[in-house]
Amino acid sequence: MMSTIKILPENLSNKIAAGEVVERPASVVKELVENALDAGSDRIVVEIEKGGRSLIQIADNGAGMIRDDALLCIERYATSKIYKEDDLFSISTLGFRGEALPSIASVSRFTLVTRRQDADAGTEISIAGGTIKKVVDTGAPVGTMVSVRQLFFNTPARRKFLKSVNTEMGHIVETLSGIALGWPKVRLRLIHNGREVKHWPGVSSPRERVVDVMGRDLDADLQELSFEDETLSITGWTSSPAHSRSTSRGIYIYVNGRIVKDRVVQHALFQGYAGRIVKGQFPVAAVFIMVPNDKVDVNVHPAKNEVRFAEQKKVHDSVRLCVSQALDQADRKHWSSGYRPPDETGAVFPKVAERSTGEFSYGKQVGTDQWVVSGPASRSVADHRPLTTDHRPPSADHRPKATDHQSPLPAGQQALWSKKQFKDLKYVGQFRDTYLIFESDEGLVIIDQHAAHERIMYEHLKKKTHGRLEKQILLIPETLDLNFREAAVMAEIIPGLKELAFEVEPFGGGTFVIKAAPAVLGGREVKPLMLEMVDAVLESGHGNVLENALDDCLKIMACHGAIRANQELKLAEINRMLEQLDACDTPSNCPHGRPTWVTWPLSFLEKAFKRIV
Ligand SMILES: Nc1ncnc2c1ncn2[C@@H]1O[C@H](COP(=O)(O)OP(=O)(O)O)[C@@H](O)[C@H]1O
Ligand SMILES: [Mg+2]
């Protein structure tokens, strides 16, 4: 009888491993950049085309490889980082499993060019779908360049899972930001379709890198963490609760230079913030933990993004204490006279001066030759276009639509005074500084002052955009720090914003400067408004081009510019509002579709008081 169990051919087992290691372009970037770091590089250039679909290329100035090593490194379980079982428990490098290169090479068209400093020539190896196609000597600078073209070309099912260019690029930027934060001395550049989208110069102070990556506006608001004893060091920065976010994306945790998702540390971080942050909000923080390599198991996840501490409780409690002490200190800053109890200054937690988590020793001098980043000579013009987000079908937009055109009257709002006008209403009073109460012949009319004014502002703005809005130059320009996707949106809507009398200028990276705002906003803060606009455009996918986006912007501007709830109004203001409502095309709803007024007809009151049955 024939046996049915077979050992899988290597090419197939590599593809299976690739399923774990290579989830998407960002995971290729992670593995290859980690290899570059393990090789002692201090300059790494990441070049991407089409969100990683066409090209992912990582060039480094690290140790490089001789020909024999280059041929070996693409074999499964080939690694220079561990040799014997004991090594598994003292891993000081980011990689150690020997899986990344063969996995990636099995699902792409893969080229490796590498040269070690003491070698006369470099080696170039080309592989397609795991099969070696070419091995030649070549001229090359010291270091390594890996090019991954047409990722998943031979695994169509995986290729289908790739998301839009912007989404994949967002993941790549996130991955690289995490690495940048952990390795401040390393210079990192990210190029997409021939354009530089990120450049983090090597810096000697980790704090500088934190600000570079997490945003300038945190600069004045970072509390330093520091703890050290023989088996544990904690450094890093936390931001004040005022900067908290609605996702955990502002939390970066590193263990021995490796970025990890660690529940223990994250939990400790939250506990450190206890009582300072509302439920559902997340702090912004970078926490760098260093422990001896034999006190942490890094081999618990194929993508190596989880760890297990030998002294878990100690790590947890130290992080919690460290964070809460840093925040306490910041609280006290506002009113302390400068006096600090002596035992707080360092006896318990000596400061670690300028400790870089990127410091690992490789016993090798890093070469200075630099890769010239070159693409194919004739890059098509289309590749230079700025990023566009995916075009979603209109049906994907589930948000309530404004009822501009059909305008059905909300319940309780039957054409009460179809022939009458708002200005005929007799003012009774203001309830809770939010609702205006009026008397009409037929009963009581209650107007939501914010919703009503929002409608007025919206229609006013809409008419004005066709004939120029008045602009107001900001005395102090405001700066906005946006993440990659937000910045792409902002760059796209700048011309439209100009139509709305905003002056916004890119300032490099994700930073933008707001120089002028529409006068109609009356000096209100524009930053939150801007962020909301960008969010709205992001959410709607802005497939329906600028017009929809601008309409969203108008609604947001109307909302920000409108009279708020909890605001006492003068009679003159109320009368003016009524007149303006009369002039509106759709006075019954705010631009988001909420009613601007409701009514209690007399008959309702009479029934309630049993005057009629
Ligand atoms: N950029 C690089 N520079 C120098 N050597 C490299 C580079 N990338 C990979 N290597 C070599 O190839 C080996 C295999 O890499 P990889 O498959 O990622 O496994 P691992 O990193 O787990 O060892 C590494 O151990 C290293 O010796
Ligand atoms: Mg590796």
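All of the points below concern the structure found in this document. (Residues numbered from 1 in each chain as written. Chains lettered and ligands numbered in written order. Predicted model: local features only at pLDDT ≥ 70, side-chain atom pairs only at ≥ 80, totals over all residues. Heavy atoms only, no water.)

Considerations on the overall build of the chain
Okay, so step 1: Helix and strand counts for the chain come out as 15 helices and 22 strands.
Okay, so step 2: Across the chain, every contact between residues at least 6 apart in sequence was considered, and the portion connecting residues at least 24 apart equals 71%.
Okay, so step 3: Total accessible area on the chain stands at roughly 31000 Å², and carbon and sulfur atoms take up 53% of it. (Helix = DSSP H or I, 4+ residues; strand = E, 2+ residues; numbered from the N terminus. Contact = heavy atoms within 4.5 Å. Areas by Shrake-Rupley, 256 points an atom, 1.4 Å probe, with all protein chains shown as cover.)

Describing the site of ligand 1
Okay, so step 1: By nearness alone, 19 residues border ligand 1, and Asn 35, Thr 79, Ser 80, Lys 81 and Gly 98 come closest of all.
Okay, so step 2: For ligand 1, an oxygen atom lies 3.3 Å from a polar atom in the backbone of Ala 100.
Okay, so step 3: A total of 530 Å² of accessible area belongs to ligand 1 in isolation, and the protein chains cover 93% of it.
Okay, so step 4: Considering each element in turn, the shell around ligand 1 owes the most residues, three residues, to helix α4 (residues 100-106).
Okay, so step 5: Of the residues assigned to the shell around ligand 1, the class counts are nine nonpolar, six polar and four charged. (Near = heavy atom within 4 Å. Polar contact = N/O pair within 3.5 Å; in protein donor to acceptor, adjacent residues only side chain to side chain. Nonpolar A, V, L, I, M, F, W, Y, C, P; charged D, E, K, R; others polar.)

What to know about the pattern of salt bridges
Okay, so step 1: In total, this model carries 22 salt bridges according to the counting rule given.
Okay, so step 2: Put simply, Lys 304 and Glu 34 hold a salt bridge, and the shortest N to O gap is 3.3 Å. Of this pair, Lys 304 sits in the loop between β14 (296-297) and β15 (308-309) while Glu 34 sits in helix α2 (residues 25-38); the two residues are 270 residues apart in sequence, bridging distant segments of the chain. For the pair shown, Lys 304 and Glu 34 are each scored as buried.
Okay, so step 3: For Glu 505, the salt bridge identified is with Lys 515, shortest N-O distance 3.0 Å. Here Lys 515 lies in strand β21 (residues 511-518) and Glu 505 lies in strand β20 (residues 503-506), a separation of 10 residues in the sequence. (Salt bridge = Lys/Arg side-chain N within 4 Å of Asp/Glu carboxyl O. Buried < 20%, exposed > 50% of the residue type's maximum accessible area, 1.4 Å probe, protein only.)

Considering the packing of aromatic side chains
Aromatic rings in a pair are described by how distant their centres are and how their planes are angled relative to each other.
Okay, so step 1: Enumeration over the complete set of coordinates arrives at five aromatic pairs.
Okay, so step 2: A cation over a ring is seen here: Arg 109 above Phe 153, with NZ or CZ 4.1 Å from the ring centre. (Phe/Tyr/Trp six-rings, centres within 6.5 Å; stacked < 30°, edge-to-face > 60°. Lys NZ or Arg CZ within 6 Å of the ring centre and 35° of its normal.)

Brief notes about the sheet that holds strand β10 (residues 232-239)
As a general point, the strands of a sheet are linked pairwise by backbone hydrogen bonds and lie either parallel or antiparallel.
Okay, so step 1: Spatially, the five strands line up as an open sheet ordered β9-β10-β13-β11-β12, and their pairing is mixed. Lying at the two open borders of the sheet, with one neighbouring strand each, are β9 (222-229) and β12 (258-260). For this sheet the average axis-to-axis angle between neighbouring strands, irrespective of direction, equals 15 degrees.
Okay, so step 2: As paired elements, β9 and β10 share eight bridges and run antiparallel to each other. Among the inter-strand pairings, Phe 227 is bridged to a residue of β10, identified as Ile 234.
Okay, so step 3: The sheet strands contacting helix α8 (residues 263-272) are β10, β11 (251-255) and β13 (285-290), and the helix crosses β11 at an angle near 130 degrees. (Pairing = 2+ DSSP bridges. Axes fitted to C-alpha atoms, helices over the stretch in contact; angles between N-to-C directions.)

Side note on helix α11 (residues 484-499)
Okay, so step 1: End to end, α11 covers 24 Å across 16 residues, agreeing with the expected 22 Å (1.5 Å per residue, within 8%).
Okay, so step 2: Most pronounced at Ile 493, the bend in α11 amounts to some 45 degrees, and the proline Pro 495 follows within four residues.
Okay, so step 3: Every buried residue of α11 is listed here: Phe 484, Glu 486, Ala 487, Ala 488, Val 489, Met 490, Ile 493, Ile 494, Gly 496 and Leu 497.
Okay, so step 4: Sitting at the amino-terminal end of α11 is Asn 483, which places a side-chain oxygen 3.1 Å from the backbone nitrogen of Arg 485. (Expected span 1.5 Å × (residues − 1). Bend = angle between axes of the 7 residues up to and from the residue.)

Here's the deal with the state of the cysteines
Okay, so step 1: A full pass over the atoms with the stated rule returns zero disulfides.
Okay, so step 2: Summary of cysteine pairing: Cys 559 is not part of a disulfide, and the nearest cysteine sulfur, belonging to Cys 590, is at 8.1 Å. (Disulfide = S-S within 2.5 Å.)

Quick look at a nonpolar patch on the surface
Okay, so step 1: There is a patch of nonpolar side chains on the surface, built from Leu 8, Leu 12 and Ile 16 and spanning about 260 Å² of accessible area.
Okay, so step 2: Structurally, the position occupied by Leu 12 is in helix α1 (residues 10-21). (Patch = residues over 30% accessible without salt bridge, like charges linked within 9 Å, V, L, I, M, F, W, Y side chains within 5 Å.)

Quick word on helix α14 (residues 571-583)
Okay, so step 1: Its 13 residues place the ends of α14 19 Å apart at the C-alpha level, agreeing with the 18 Å of an ideal helix rising 1.5 Å per residue.
Okay, so step 2: Those residues of α14 not exposed but buried are Ile 574, Met 577, Leu 578 and Leu 581. One face of α14 carries all of its buried residues, which in axial projection span an arc of 100 degrees. Facing away from the buried side of α14, by more than 90 degrees, are the exposed residues Ala 572, Arg 576 and Ala 583. (Arc of directions from axis to C-beta.)

Here's the deal with the nonpolar core
Okay, so step 1: With 59 residues, the main nonpolar core has Val 33, Ile 44, Val 46, Phe 110, Val 148, Leu 190 and Met 214 as its most contacted residues.
Okay, so step 2: Residues contacting Leu 190, with those up to four places away along its chain left out, are Val 46, Ile 48, Met 169, Ile 172, Val 173, Leu 176, Arg 195, Glu 196, Val 197 and Lys 198.
Okay, so step 3: Ala 501, Phe 512, Ala 517 and Met 533 belong to the second largest nonpolar core, which has 35 residues in total. (Core = buried A, V, L, I, M, F, W, Y, C linked by side-chain atoms within 4.5 Å.)

What to know about the packing of helix α6 (residues 165-182) against helix α7 (residues 206-214)
Think of two packed helices as two axes; the pair is described by the angle between the axes and how far apart they sit.
Okay, so step 1: One can describe the packing of α6 onto α7 by two numbers: an axis separation of 8 Å at closest approach and a directional angle of 165 degrees. Comparing their axes, α7 and α6 come out roughly antiparallel. Judged by the sense of rotation from one axis to the other, the crossing of α6 with α7 is left-handed. Together, Ser 177, Ala 180 and Leu 181 of α6 and Arg 209, Val 210, Val 213 and Met 214 of α7 make up the contact between the two elements.
Okay, so step 2: Of the residues contributing to the contact of α6 with α7, the split by class is five nonpolar, one polar and one charged. (Parallel < 35°, antiparallel > 145°, perpendicular 65-115°, else oblique. Left-handed = near helix turned anticlockwise from the far one by under 90°.)

Remarks on the side chain of Asn 61
Okay, so step 1: Positionally, Asn 61 belongs in the loop between β2 (55-60) and α3 (67-73).
Okay, so step 2: The exposure class of Asn 61 is buried, given its relative accessible area of 1%.
Okay, so step 3: At 2.7 Å, the side chain of Asn 61 and the side chain of Asp 42 are in polar contact.
Okay, so step 4: Within the structure, Asn 61 has its side chain in polar contact with the backbone nitrogen of Arg 43 (distance 3.1 Å).

With respect to the sheet that holds strand β17 (residues 435-440)
Okay, so step 1: Across the sheet, which stays open at both edges, the four strands sit in the order β16-β17-β18-β22 with antiparallel pairing between neighbours. In the strand order of this sheet, the two ends are held by β16 (426-431) and β22 (597-601), each with one partner. Across this sheet, the average inter-strand angle for adjacent strands is 25 degrees, counted without regard to direction.
Okay, so step 2: Both strand β18 (residues 443-448) and β22 contribute to a ladder of five bridges, which runs antiparallel. From the neighbouring strand, Ile 447 faces β22, where its bridge partner is Trp 597.

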